[in-house]
Amino acid sequence: RDHKLCLLFKLYDTDGSGHLTSDELLCLGQALANIAASGASSDDSPLARTASMAASEECAERFRQRLLILDADGDGSLTLDEFRAGVASEPALMRALACVGISPGA
């Protein structure tokens, strides 16, 4: 799991700073929200797609906020150590990550 978490962190650390910034966390949140929403509805109507998009944006923001809670030093970004330590303590994040093959004990 640790190796996969490191790869995920590096993937979303787009500026290579060693920190996930608020914008990078929002991108990660959007990916997690899309994963969580996939298969949630088989209705492909324009109204359903619009509602799904709005729900996905709201869900992405909730994931971003949840990730920021893991910010132990309060600097507004996550280090790899904060990310590693915090993800395991957040069941909703672990469920979303399990959808991409990152699960506790894996």
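What you see is a predicted model; the values in this text were computed from it and never measured.

A. Up close: the overall build of the protein. Summing up its helical and strand segments, the protein has 5 helices and 2 strands in all. Along the protein, helices (α) and strands (β) appear in the sequence α-β-α-α-β-α-α when read from the amino end. In the protein, which comprises 106 residues, the proportion classed as buried is 34%. Taking as baseline every contact in the protein between residues at least 6 positions apart, the subset at least 24 positions apart corresponds to 62%. Accessible surface for the protein amounts to roughly 6100 Å². Of this, 56% is attributable to carbon and sulfur atoms.

B. Geometry of the side chain of Ser-77. Take Ser-77: it is sitting in the loop between helix 3 (46-68) and strand 2 (78-79). Classification of Ser-77 by relative accessible area gives buried; the value is 9%. Non-local contacts of Ser-77, meaning those with residues more than four positions away in its chain, are made with His-19, Leu-20, Thr-21, Asp-71 and Glu-82.

C. Quick look at the packing of aromatic side chains. Applying the stated criterion across every chain yields a total of 1 aromatic pair. A centroid spacing of 5.7 Å and a plane angle of 50° characterise the contact between Phe-9 and Phe-83, whose relative ring orientation is tilted. Within this pair, whereas Phe-9 is found in helix 1 (residues 2-12), its partner Phe-83 is found in helix 4 (residues 80-87), the two being separated by 74 residues in sequence. For the pair formed by Phe-9 and Phe-83, the shared burial category is buried.

D. Main features of the packing of helix 1 against helix 4. The interhelical angle for the contact between helix 1 and helix 4, taken along N-to-C directions, is 130°, at an axis separation of 10 Å. Here helix 1 is positioned oblique relative to helix 4, judged by the angle of their axes. Along this stretch, helix 1 crosses helix 4, giving a crossing that reads as right-handed. Note on element contacts: helix 4 touches helix 1 through Leu-80, Phe-83, Arg-84 and Val-87, opposite Asp-2, Leu-5, Cys-6, Leu-8 and Phe-9. Along the lines of polarity and charge, the residues of the contact of helix 1 with helix 4 split into 7 nonpolar, no polar and 2 charged.

E. Just the pattern of salt bridges, in detail. Per the stated rule, a full pass over the model turns up 2 salt bridges. Where Glu-90 meets Arg-66, a salt bridge forms, and the shortest distance between an N and an O atom there is 3.6 Å. Taken together, the positions of Glu-90 in the loop between helix 4 and helix 5 (91-98) and Arg-66 in helix 3 put the pair 24 residues apart, joining distant regions of the chain. Assessed through its relative accessible area of 33%, Arg-66 is described here as partly exposed.

Rules used in this analysis
Residues numbered from 1 in each chain as written. Predicted model: local features only at pLDDT ≥ 70, side-chain atom pairs only at ≥ 80, totals over all residues. Heavy atoms only, no water. Helix = DSSP H or I, 4+ residues; strand = E, 2+ residues; numbered from the N terminus. Buried < 20%, exposed > 50% of the residue type's maximum accessible area, 1.4 Å probe, protein only. Contact = heavy atoms within 4.5 Å. Areas by Shrake-Rupley, 256 points an atom, 1.4 Å probe, with all protein chains shown as cover. Phe/Tyr/Trp six-rings, centres within 6.5 Å; stacked < 30°, edge-to-face > 60°. Axes fitted to C-alpha atoms, helices over the stretch in contact; angles between N-to-C directions. Parallel < 35°, antiparallel > 145°, perpendicular 65-115°, else oblique. Left-handed = near helix turned anticlockwise from the far one by under 90°. Nonpolar A, V, L, I, M, F, W, Y, C, P; charged D, E, K, R; others polar. Salt bridge = Lys/Arg side-chain N within 4 Å of Asp/Glu carboxyl O.

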